[in-house]
Every structure is written in structure tokens, then in C-alpha cells.
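# Chain and residue survey
Okay, here's what each chain looks like letter by letter:
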Amino acid sequence: MTSASLQPASGPARRTVMAAAGAAGLAAALTACGSGDDSSDTVDTGAGQAAGGTLAKTSDIPEGGGRIFKDQGVVVTQPAAGTFKAFSSKCTHQGCAVGSVADGVIVCPCHNSHFSAEDGSVKKGPATKPLPAAKITVSGEDIKLA
């Protein structure tokens, strides 16, 4: 019997296997916090819309509802005819992206927090802080990030 036969088989080290398993678990957990909601209330305008560029037309924002612009991180609402508001689309509870806007309410799909489409205030927890306001300008039919 030679000393070579006593050597363990070559393969990944235990640390390598554990690190890979941990990374896979972390990726799964982070994916669970994202929004998979591709409903008609969500609009993804692409990365080409920078501050000052036209974000949407006023006719794109339904009265009593709104649209979510994922790439810009904002949700634009029209709580009353001709009144447009904008807020961060990042839920203040755990940072998930809000998923829908309807009937005057912005809803986060992760833990079902509800926010007012008029002022971003919390209507239903677990969130305890309002959505921060975002700056927009309305010029004619164009809504732009300020």
C-alpha cells in the first residue's frame, strides 16, 4: 500500500461548497423581495428617460390610479382629475418595489403595505413611513422628472 492511495479524492473543498450554497440562498432571498407583477398598471419606460426627459403623457396616468416607472424608481399618480403626484417606488417597509396603483392606493406586493396615491402616506402597514415625494413637472401633456 502506497501513501498515494491514502490521499482523499480530489474535489471541491467543503468551504467552496458551503459558500456556493450560501450564495444561492442569498440570491433566492433577494429575488423574493422583487416584484414579479407585470400587470397593466406597471409601465417600464426603459433606461433612456433621464431627469428632465419626458416620463409620460398626462393621458397615460389614470385618474384615481397611477403608473410605476421601474427604471426611474418612481410612481406617478393622478389622485384627482388634472392633479399629478410622484413618489419613490421603493416601499419604506423593506425596500421592495411597489407593484400596483388603483382606487387611490399604491400597493407593495411583498407585505401588502398600502400608501395614499395623494400624499404617499401609509394607509395600511406593515410600513410605518410614507413614500418619499419625487419631483415632477407637468407641461402641457408632458410629465417630466425634475
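Described below are features of the structure shown in this document. Please read these numbers as outputs of a predicted model, since none were measured by experiment.

## Focus: the overall build of the chain
Counting its regular elements, the chain contains one helix and eleven strands. Mapped from its N terminus to its C terminus, the chain presents α and β elements in the order α-β-β-β-β-β-β-β-β-β-β-β. Taking all 146 residues of the chain together, the buried fraction comes to 27%.

## Quick look at the state of the cysteines
This model, assessed by the stated rule, comprises one disulfide. In this model Cys-96 forms its disulfide with Cys-110; the gap between the sulfur atoms is 2.3 Å. Since a negative S-S torsion denotes a left-handed disulfide, the Cys-96-Cys-110 link at about -105° is left-handed. With a gap of 14 residues between them, Cys-96 in the loop between strand 5 (83–88) and strand 6 (100–102) and Cys-110 in the loop between strand 7 (105–107) and strand 8 (114–116) connect regions that are remote in the sequence. The exposure class assigned to Cys-96 is buried, which follows from its relative accessible area of 3%. Not part of a disulfide, Cys-91 finds its nearest cysteine sulfur in Cys-108, a span of 3.8 Å. Residue classification places Cys-91 among the buried residues on the basis of a relative accessible area of 4%.

## Focus on the pattern of salt bridges
Under the definition given, this model contains one salt bridge. A salt bridge links Lys-57 to Asp-142, with the shortest nitrogen-to-oxygen separation between them at 2.5 Å. You can see Lys-57 sitting in strand 2 (residues 54–57) and its partner Asp-142 sitting in strand 11 (residues 142–145), a full 85 residues away along the chain.

## A look at the nonpolar core
Among the nonpolar cores identified, the biggest contains 13 residues, and Val-75, Ile-106 and Phe-115 are the most heavily contacted of them. Those residues within four positions of Val-75 in sequence are excluded, and the remaining contacts are Arg-67, Ile-68, Lys-85, Ala-86, Phe-87, Ser-88, Ser-89, Val-101 and Ile-106. If you look at the next biggest cluster of nonpolar residues, it comprises eleven residues, including Phe-84, Ala-86, Ile-136 and Ile-143.

Conventions we followed
Just so you know, the residues in each chain are numbered from 1, in the order the chain's sequence is written. Reporting of local features is limited, given that this is a predicted model, to residues whose pLDDT is at least 70; pairs of side-chain atoms are given and counted only at 80 or more, and all residues count toward the totals for whole chains, interfaces and linings. Values shown for side chains rest on all heavy atoms present in the structure; no hydrogens or waters enter the calculation. Put simply, DSSP H or I for four residues or longer makes a helix, DSSP E for two residues or longer makes a strand, and each gets a number counted from the N terminus. Remark: exposure states derive from per-residue accessible area (1.4 Å probe, protein chains only) relative to the maximum for the residue type, with buried under 20%, exposed over 50%, and partly exposed in between. Throughout, disulfides are identified as pairs of cysteine sulfur atoms within 2.5 Å of each other. The salt bridge criterion pairs a side-chain nitrogen of Lys or Arg with a carboxyl oxygen of Asp or Glu, the two atoms within 4 Å. Here, nonpolar core refers to any group of buried Ala, Val, Leu, Ile, Met, Phe, Trp, Tyr and Cys residues whose side-chain atoms link them within 4.5 Å. Residue contacts are defined here by distance: any two heavy atoms, one from each residue, within 4.5 Å place the two residues in contact.

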